[in-house]
Amino acid sequence: MTRSIGTDFLAQLNSSEIQPFFAVSVGFTTPLNIWTGYNDINIGGVTYIGSGNLLSVSPVDESADIRANGIKLTLSGLDSSIISSALTEDSQGKVVKIFFGVLATTDNRTVIVDTPYQTFEGFIDTMSILEDSNTAQISVDVENKLIILEKPTNRRYTDQDQKDLFAGDKGLEFVESLQDKRIAWGAGSN
């Protein structure tokens, strides 16, 4: 289902004082929800922690053909709890969602214009941690969810394989006997 862009959102994008932001949700056991602004914000009932300029998101590439283009997230200046979580949790395959939104300032209050749009969804591929005495930085390579299309299927299309999926199914029970069956295609019967 394609969402249409709201008029407030379009007006903000065409404004001379655009205030764009990214929000990133990483599906760790305890989800990590951060955004590229300051203070905490609420998007769809989820609180996102402000990371200011400590979060960077590489450009989200699109192509005309069906291809799994990945992205890179970089978090710097992190506190020790996030680093320890990154070190202890199995991160590969965790879901990452990236949202793009715009802010507007009205009555000396900054508010989100419309609902942010999800621009990317994928899975963590690799995560590297660079640490020195003063700061820590995590770089995360995220593969597009289309990467699933490139993975081979482990199906064998045998009777037992079918029954493992659907107990009692007899749809493939004669497959094994077909491999040695001689079929005269297009020939008259004798």
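Just so you know, these numbers come straight off a predicted model, no measurement behind them. (Residues numbered from 1 in each chain as written. Predicted model: local features only at pLDDT ≥ 70, side-chain atom pairs only at ≥ 80, totals over all residues. Heavy atoms only, no water.)

A. Molecular detail of unusual backbone geometry. Positive phi outside glycine occurs at Asn39, with the angle close to 65°. Positive phi is not limited to glycine here, since Tyr157 has a value of about 50°. Note on placement: Tyr157 falls in the loop between strand S9 (136-144) and helix H3 (159-165). With relative accessibility at 47%, the residue Tyr157 sits in the partly exposed group. (Helix = DSSP H or I, 4+ residues; strand = E, 2+ residues; numbered from the N terminus. Buried < 20%, exposed > 50% of the residue type's maximum accessible area, 1.4 Å probe, protein only.)

B. How the structure looks around the pattern of salt bridges. Counted by the stated rule, this structure contains 3 salt bridges. Across the salt bridge formed by Asp141 and Lys72, the nearest N and O atoms sit 2.8 Å from each other. Of this pair, Asp141 sits in strand S9 while Lys72 sits in strand S6 (residues 71-76); the two residues are 69 residues apart in sequence, bridging distant segments of the chain. According to the relative accessible area criterion, Asp141 is partly exposed, its value standing at 27%. A relative accessible area of 35% places Lys72 in the partly exposed class. Taking the shortest distance from any N to any O, the salt bridge between Asp159 and Lys163 comes out at 3.2 Å. Of the two residues, Asp159 and Lys163 are both situated in helix H3; the distance of 4 residues between them amounts to about one turn of the helix. Here Asp159 falls in the partly exposed class, since its relative accessible area comes to 21%. (Salt bridge = Lys/Arg side-chain N within 4 Å of Asp/Glu carboxyl O.)

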